[in-house]
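Below, each chain spelled out in residue letters.
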Amino acid sequence: MVSEPDAKTFDRETLLDLVVNAIPLGIILFFILVFALVNPFGSDPVNTAIQFSIMIVTGLALLVLTYVSGKAVSEAEDELEEQGLELSEEAGADGTAETTAPAETEDDTA
Amino acid sequence: MAVEQLALTVLMGILLVAVAGLVSRMVDWRSYTPLGGASAIGGSGYGGGHAEKPAGIVRWFTTVDHKDIGILYGIYALVAFFWGGAAVLLMRAELAAPGFDIMEAAFYNSLLTSHGITMLFLFGTPIIAAFSNYFIPLLIGADDMAFPRINAIAFWLLPPGAILIWAGFFTAPLGLGIDPAQTSWTMYTPLSAEQANAGVDLMLLGLHLTGVSATMGAINFIATIFTERGDDVNWANLDIFSWTILTQSALILFAFPLLGSALIMLLLDRNFATTFFAVEGGSPILWQHLFWFFGHPEVYILVLPPMGLVSWILPKFSGRKLFGFKFVVYSTLAIGVLSFGVWAHHMFSTGMDPRIRASFMAVSLAIAIPSAVKTFNWITTMWNGRLRLTAPMLFCIGFISNFVIGGITGVFLAAIPVDLVLHDTYYVVGHFHYIVMGMIAFAGMGALYYWFPIVTGRMYQRTLAKWHFWLSMIGTNITFFAFLVLGYLGMPRRYATYQFDGAIAPLAQVTTLHQISTVGAFIIGIGQVVWAWNMVQSWYEGPEVEDADPWNLKDDGMFGREFQWFEAQKLAADGGEEEVATDGGGVRPDGGYRRAVRRVDDE
């Protein structure tokens, strides 16, 4: 259950963007289930633990990074929208040129 | 015994803490200013603090300007590219016929080792650093790198690194008994531990230096992108190239120190009789685990920034913004994380536990998705766009085409049953050369052409650039497609000869395919000579760029921050600073109107 600010941060559009990382997560989850159900090589405490931890640790790390980055980008978007700046890659300096002092006008040979 | 070891460990710990305490008392960290002369705080705009530079060669030895260091990285990488290229042309000449014809096995092995290490560590990583050093501060509106002097130190560790790595070639003719290393770039033990040749030690030390350099650079980029961004740049509008460099830097931070540690362990095994990688000690397989825990992220260290370059350049000549920008960002981050969970897919045939092997297969298949997502995004960006087939764009399209082949052949290798058949054959070599040559080098070349006007103030010769592209594209596909087929025929990699039993593989076909590969390699070689001529001559004599928008990017609202900086430079040079404030250039004044026909400089 996400908290109130989180629900706002992770709106429909952001969740749609994050779907891209849900696919590899789904693949890993699929294999975790398959390897849990189909076990032709038998179980061994050490090797089975390593087997599952490789998938679980990697999957969790991806989940955490996706959450953190999605949150950071979404909050940054809100920030830009509040300032009335454009979201595009090129627009950073342009937006500034129209609203505040230009970011890159000083000559380094001056 | 155990008590003694415990006591030794505790003593060592105390010693390390004491050293750390001593250093922290002796060094006043606050005395380091983060910028080379410019104010770090409150500086609006690109000051850079490099107003006065000494003239001549002294400038290049003392510079802390990120743009100069970028150029140094570039020149260094290209020298290495030609060294590695020359090595492989000699190897391909040897492989044109089955027997030993122009060199002995030892020299072939030396060239093979040098080619691999040079192309990955001395060309691949530095050419990316060239672009990132020059352009990241411009793209994010920073004054310079966060730590300009560390930036300079990181570069200056590389030339001694290269000299050490190549040392054996220089000392062999002197009769000192120091020959080039013959370990292959993977330096697998016990081979690398037991070769009693000091050239191997020199190479390991050189590699260590390049690793330290890469780590210093990575820390610098992370600090720069996090803390030195302009006021108007945040995570939502950070450009895609900076995202890939940030991810790459994080990978370097976790991967390269591990390589450094493994190299030290190998040096200890070689010179001080430790047994980290000995059969009776830690086992040779330990080396493979350590090496590939570094080595597979290294693949993405090399490939993510070129993906960023293409994601940045391709839209400029498609007349459309990058399709699914955030998909590309998140998939880049996903690749970064997943790349640490796939290392043992290089070791499927080592006899490891089948359960563990299966897990590595699962994660390896999962990592294919974010890469495929990017490919579809690039294709969709071009779809229904107004493509302008300039040299940078051609290289971007070639990059995607090669990645489709290089990437899909990799997915097959991720499957254990296929890998067990194709392991250690030319198929693997073909797969990763489609990536390293077909993608990384292609993106690098595309970026060189794209930013040539900014770096030199001149334009390159367009016809020669197209010759360069087509020779590279045709040569790459001839050479490496033949590799894939050779692999299916069972040709093992790393061999100087192929005079094997006809029952193992059809020798006639193998010979023909090797000859085709050799022809392809020389076609690539000729293409690079054309390119070198073009770069050098155009730098000196090319037509000066009058307009700050040589690619007509303003028409599409694609005038990037680096070209905005370039425009500011040109206006300032003309004494017209006042105009800059009203001429950002990124927004189309006509509100979306596109001319149906337009003049394009390079089509």
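Conventions used here
Residues numbered from 1 in each chain as written. Chains lettered and ligands numbered in written order. Predicted model: local features only at pLDDT ≥ 70, side-chain atom pairs only at ≥ 80, totals over all residues. Helix = DSSP H or I, 4+ residues; strand = E, 2+ residues; numbered from the N terminus. Buried ≥ 20, exposed ≤ 12 C-beta atoms within 10 Å, placed from the backbone. Contact = placed C-beta atoms within 7 Å. Rg over C-alpha atoms; globule rule 2.2 N^0.38 Å. Axes fitted to C-alpha atoms, helices over the stretch in contact; angles between N-to-C directions. Parallel < 35°, antiparallel > 145°, perpendicular 65-115°, else oblique. Nonpolar A, V, L, I, M, F, W, Y, C, P; charged D, E, K, R; others polar. Domains from an automatic or database assignment. Left-handed = near helix turned anticlockwise from the far one by under 90°. Expected span 1.5 Å × (residues − 1). Bend = angle between axes of the 7 residues up to and from the residue. Core = buried A, V, L, I, M, F, W, Y, C linked by C-beta atoms within 7 Å. pLDDT = per-residue confidence, 0-100.

## Observations concerning the overall build of chain A
For step 1, the next point in the chain: The number of helices and strands found in chain A is 4 helices and 0 strands.
For step 2, the next point in the chain: Going residue by residue from the N terminus, the α and β elements of chain A occur as α-α-α-α.
For step 3, the next point in the chain: In chain A, which comprises 110 residues, the proportion classed as buried is 32%.
For step 4, the next point in the chain: In chain A, once contacts between residues fewer than 6 apart in sequence are set aside, the share between residues at least 24 apart is 60%.

## Remarks on the overall build of chain B
For step 1, the next point in the chain: Of the regular secondary structure elements, chain B holds 19 helices and 0 strands.
For step 2, the next point in the chain: Taken over the C-alpha trace, chain B has a radius of gyration of 25 Å; the compact-globule value for 603 residues is 25 Å, and the two agree within 12%.
For step 3, the next point in the chain: Within chain B, buried positions represent 52% of all 603 residues.
For step 4, the next point in the chain: When contacts within chain B are restricted to residue pairs at least 6 apart in sequence, long-range pairs at least 24 apart make up 81% of them.

## Things to note about the packing of helix α4 (residues 105-140) of chain B against helix α18 (residues 561-573) of chain B
Residue and element names in this part refer to chain B.
For step 1, the next point in the chain: With their axes 8 Å apart at the nearest point, α4 and α18 run at an angle of 90 degrees to one another. Compared by their axis directions, α4 and α18 come out roughly perpendicular. Of the residues in α18, those touching α4 at Phe135, Leu138 and Leu139 are Arg561, Glu562 and Trp565.
For step 2, the next point in the chain: Among the residues making up the contact of α4 with α18, the classes are represented as 4 nonpolar, no polar and 2 charged.

## Observations regarding the domain arrangement of chain B
For step 1, the next point in the chain: By domain assignment, chain B separates into domain 1 (390-545) and domain 2 (550-578).
For step 2, the next point in the chain: Placing a centre on the C-alpha atoms of domain 1 of chain B and another on those of domain 2 of chain B gives a separation of 35 Å.

## With respect to the packing of helix α11 (residues 325-338) of chain B against helix α12 (residues 354-382) of chain B
Residues and elements named next belong to chain B.
For step 1, the next point in the chain: Axis separation between α11 and α12 bottoms out at 9 Å; the angle between their running directions is 155 degrees. In terms of their interaxial angle, α11 and α12 are classed as roughly antiparallel. Every pair of crossing elements has a handedness; the one defined by α11 and α12 is left-handed. Residues Phe327, Val328, Ser331, Ala334, Ile335 and Leu338 of α11 pack against Val363, Ala366, Ile367, Pro370, Ser371, Val373, Lys374 and Asn377 of α12.
For step 2, the next point in the chain: Residues belonging to the contact of α11 with α12 are distributed by class as follows: 10 nonpolar, 3 polar and 1 charged.

## A look at the environment of B:Ala162
All names here are of chain B.
For step 1, the next point in the chain: Position of Ala162 relative to the elements: it lies in helix α6 (residues 158-171).
For step 2, the next point in the chain: With 21 C-beta atoms counted inside 10 Å, the residue Ala162 sits in the buried group.
For step 3, the next point in the chain: Taking the C-alpha atoms as reference points, Ala162 and Thr210, 48 residues apart in sequence, are found 8.0 Å from one another.

## Some words on the environment of B:Thr275
All names here are of chain B.
For step 1, the next point in the chain: Here Thr275 lies in the loop between α9 (240-271) and α10 (284-313).
For step 2, the next point in the chain: Classification of Thr275 as partly exposed rests on a count of 13 C-beta atoms within 10 Å.
For step 3, the next point in the chain: Each C-alpha atom, one on Thr275 and one on Met265, is 8.8 Å from the other, the two residues being 10 residues apart in sequence.
For step 4, the next point in the chain: Every residue in contact with Thr275, bar those within four places of it in the chain, is listed here: Asp269, Glu280, Gly281 and Gly282.

## Some points on unusual backbone geometry
Residue and element names in this part refer to chain B.
For step 1, the next point in the chain: Omega for the bond connecting Thr189 with Pro190 falls within 30 degrees of zero, at 5 degrees, which places this linkage in the cis form.
For step 2, the next point in the chain: Checked against the element boundaries, Pro190 lands in the loop between α6 and α7 (191-194).
For step 3, the next point in the chain: A positive phi angle is found at Asp424, which is not glycine, with a value near 65 degrees.
For step 4, the next point in the chain: Overall, the presence of 13 C-beta atoms within 10 Å leaves Asp424 in the partly exposed class.
For step 5, the next point in the chain: You will see that Asn552, though not glycine, has its phi angle at about 55 degrees, which is positive.
For step 6, the next point in the chain: Relative to the helices and strands, Asn552 resides in the loop between α17 (507-541) and α18.

## Some remarks on α9(B)
All names here are of chain B.
For step 1, the next point in the chain: Compared with an ideal rise of 1.5 Å per residue, which puts 32 residues at 46 Å, α9 spans 45 Å between its outermost C-alpha atoms and is within 8% of the ideal.
For step 2, the next point in the chain: At Ile252, α9 shows its maximal bend, which comes to roughly 30 degrees.
For step 3, the next point in the chain: Downstream of α9 by a residue or two, Ala273 has a phi angle that is positive, lying close to 55 degrees.

## A closer look at the nonpolar core
Residues and elements named next belong to chain B.
For step 1, the next point in the chain: Counting residues in each nonpolar core, the largest one holds 181 residues, and the members touching the most others are Val363 and Phe395.
For step 2, the next point in the chain: Residue contributions to this core peak at 21 residues, all from α4.
For step 3, the next point in the chain: If you count residues domain by domain, this core takes at least three from each of domain 1 (390-545) and domain 2 (550-578).

## A word on the environment of B:Ala129
All names here are of chain B.
For step 1, the next point in the chain: Following the sequence through the fold, Ala129 ends up in helix α4.
For step 2, the next point in the chain: Once the C-alpha coordinates of Ala129 and Phe82 are considered, the two residues, 47 residues apart in sequence, prove to be 18 Å apart.
For step 3, the next point in the chain: For Ala129, the contacting residues outside a window of four places in its chain are Tyr73 and Gly217.

## Overview of the confidence of the model for chain B
Residue and element names in this part refer to chain B.
For step 1, the next point in the chain: For chain B, the average pLDDT comes to 89, and 90% of its residues sit at 70 or higher.
For step 2, the next point in the chain: For chain B, per-element mean pLDDT is lowest for helix α19 (residues 577-580), which scores 42, and highest for helix α16 (residues 462-488), which scores 97.
For step 3, the next point in the chain: Low pLDDT (under 50) marks residues 29-47, which in the prediction has 37 contacts with non-local residues, meaning those over four places away or in another chain.
For step 4, the next point in the chain: Contacts from residues 577-601, a stretch scored under 50 in pLDDT, to residues over four places away or in other chains number 35 contacts.
For step 5, the next point in the chain: As scored by the predictor, the complex reaches a pTM of 0.85 and an ipTM of 0.81.

## Remarks on the confidence of the model for chain A
For step 1, the next point in the chain: Mean pLDDT over chain A: 77, with 73% of residues reaching 70 or higher.
For step 2, the next point in the chain: Across residues 92-110 of chain A, confidence stays below pLDDT 50; counting only partners more than four residues off in sequence or on other chains, it has 63 contacts.

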